[in-house]
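# Examination of the molecular architecture
Here are the chains, one letter per residue:
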Amino acid sequence: MQQQFEMRDLTRIVVFAAIIAVLGIPGAITVPGGAVPITAQTLGVMLAGAVLGPWRGASAVLIFLLLVLAGLPLLSGGRGGAGVFVGPSAGFLIGWIFGALVVGAIVRFGARPPVWWRTALGCFIGGALIVYVIGVPVQSLVTRLPLSKTIVTTAAFLPGDLLKAVVATIITMALWRAYPRAFGNPTRRVAA
Ligand SMILES: O=C(O)CCCC[C@@H]1SC[C@@H]2NC(=O)N[C@@H]21
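Residues numbered from 1 in each chain as written. Predicted model: local features only at pLDDT ≥ 70, side-chain atom pairs only at ≥ 80, totals over all residues. Heavy atoms only, no water.

Cut-off, in case you're wondering: UniProt positions are given in the numbering used here, feature names are shortened, and annotations may be inferred rather than shown by experiment.
Looking at an unreviewed UniProt entry, the protein chain carries the name Biotin transporter, with the source organism given as Asanoa ferruginea. Quoted verbatim from the Subcellular location (unreviewed entry) field of the UniProt record, the comment on the protein chain reads "Cell membrane". Recorded in UniProt under Sequence similarities (unreviewed entry), the annotation for the protein chain is "Belongs to the BioY family."

### Here's the deal with helix H4 (residues 90-108)
Rules: We count a stretch as a helix when DSSP gives it H or I for four or more residues in a row; a strand needs E for two or more, and each element gets its number in order from the N terminus. Here the expected span of a helix is defined as 1.5 Å times the quantity of residues minus one. Here the bend at each residue means the angle between axes fitted to two seven-residue stretches, the one ending at that residue and the one beginning there. Each residue is placed in one exposure class: buried if its accessible area under a 1.4 Å probe, protein chains only, is under 20% of its type's maximum, exposed if it is over 50%, and partly exposed if it falls in between. Note on contacts: a residue pair is in contact if any heavy atoms of the two residues lie within 4.5 Å.
For H4, built from 19 residues, the straight-helix expectation of 27 Å at 1.5 Å per residue is met to within 8% by its first-to-last C-alpha distance of 28 Å. The principal kink in H4, of about 30 degrees, is found at Trp96. Regarding H4, the residues found buried are Ala90, Gly91, Phe92, Leu93, Gly95, Trp96, Ile97, Gly99, Ala100, Val103, Gly104 and Val107. Looking at the packing, one finds that the buried side of H4 touches strand S2 (38-39), helix H2 (41-52), helix H3 (54-69) and helix H5 (116-143). Gly110 sits one or two residues past H4 and shows a positive phi near 80 degrees.

### A few points about the site of the ligand
Rules: We define proximity as follows: a residue is near a molecule or strand when any one of its heavy atoms falls within 4 Å of that partner. N or O atoms within 3.5 Å of each other form a polar contact, as long as, within protein, one can give a hydrogen and the other can take it, and as long as residues adjacent in sequence are counted only when both atoms are side-chain atoms. The accessible surface values rely on the Shrake-Rupley method and a 1.4 Å probe; as for residues, cover is taken only from the protein chains in view. Any residue outside Ala, Val, Leu, Ile, Met, Phe, Trp, Tyr, Cys, Pro, Asp, Glu, Lys and Arg is labelled polar, Gly included; the first ten of those are nonpolar and the last four are charged.
Residues in contact with the ligand amount to 16 residues; listed here are only the nearest, Pro37, Thr39, Arg79, Ser89 and Lys164. At 2.9 Å from an oxygen atom of the ligand is found a main-chain nitrogen or oxygen belonging to Thr39. Between the ligand and the protein, one listed contact pairs an oxygen atom with a side-chain N or O atom of Lys164 at 2.8 Å. Calculation on the ligand without its partners gives an accessible area of 410 Å², and the protein chains cover 100% of this total. Going through the elements one at a time, S2, H4, H5 and helix H7 (158-178) are the ones with two or more residues in the shell around the ligand. Per element, the largest residue contribution to the shell around the ligand is 3 residues, and it comes from H4. Class assignment of the residues belonging to the shell around the ligand gives a composition of 9 nonpolar, 4 polar and 3 charged.

### Concerning the packing of H4 against H5
Using the following cut-off: Note on geometry: axes are lines fitted to C-alpha atoms, helical ones only across the stretch in contact, with angles between N-to-C directions running from 0 to 180 degrees. With respect to orientation, any angle under 35 degrees is reported as roughly parallel, any angle over 145 as roughly antiparallel, any angle of 65 to 115 as roughly perpendicular, and every other angle as oblique. Working rule for handedness: look at the near helix, and if it is turned counterclockwise from the far one by less than a right angle, call the crossing left-handed; if clockwise, right-handed.
For the pair H4 and H5, the least separation of the axes is 7 Å and the interaxial angle reads 155 degrees. In terms of orientation, H4 and H5 fall into the roughly antiparallel class. For H4 against H5, the interelement crossing comes out right-handed. Broken down by class, the residue content of the contact of H4 with H5 amounts to 16 nonpolar, 9 polar and 1 charged.

### Some words on the UniProt feature "transmembrane region" (unreviewed entry) in the protein chain
Per the UniProt annotation, the sites labelled "transmembrane region" (unreviewed entry) are residues 12-29, 60-78, 84-107, 119-142 and 162-179. Along residues 119-142 the backbone is 100% helical and 0% strand, and the end-to-end C-alpha distance reaches 33 Å. Helix makes up 94% of residues 162-179 and strand 0%. Its end C-alpha atoms lie 25 Å apart.

Here you go:
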């Protein structure tokens, strides 16, 4: 029964879709020579997977992206609409769905409570590497920049994405201690 989808799950999913949107408010950092910006929204993708688990986390990202597709200006810098899904960021945006899925799978592997090092590893592998694996080839195709050169521009994302994985880990561990219900159907509580 634990896997049953509840109304509260939908609420959690919508809350995390909103968190991803809010993280777009500070805007983006343009990478010199790169067509894809640095954005805090990947922190929201990591948190969605780490806190909600793979499927609910990916659903939060999917809802966010559907709202963007519908034209809501929810991407950093107030962008939205179908155009972003055929632009240089397209693969990264689709990669966010799989990224959240992988973050959640790694963090949730072996059940709860979340373990800090696996949370950090999951956030970095899912929230950064998996996103790059899908995003970089698409960026290369769209911009017609050789793959090797596109990979070089991707290095600019690494420091920020590492930092975001650390921040996502700290928030996830703190949230588990303070409010395990956020994770949905907690079966075990950690000692304070
Ligand atoms: O708003 C956009 O158009 C950008 C979406 C994709 C940004 C990618 S996701 C991985 C990497 N880390 C970042 O901070 N930016 C890129």
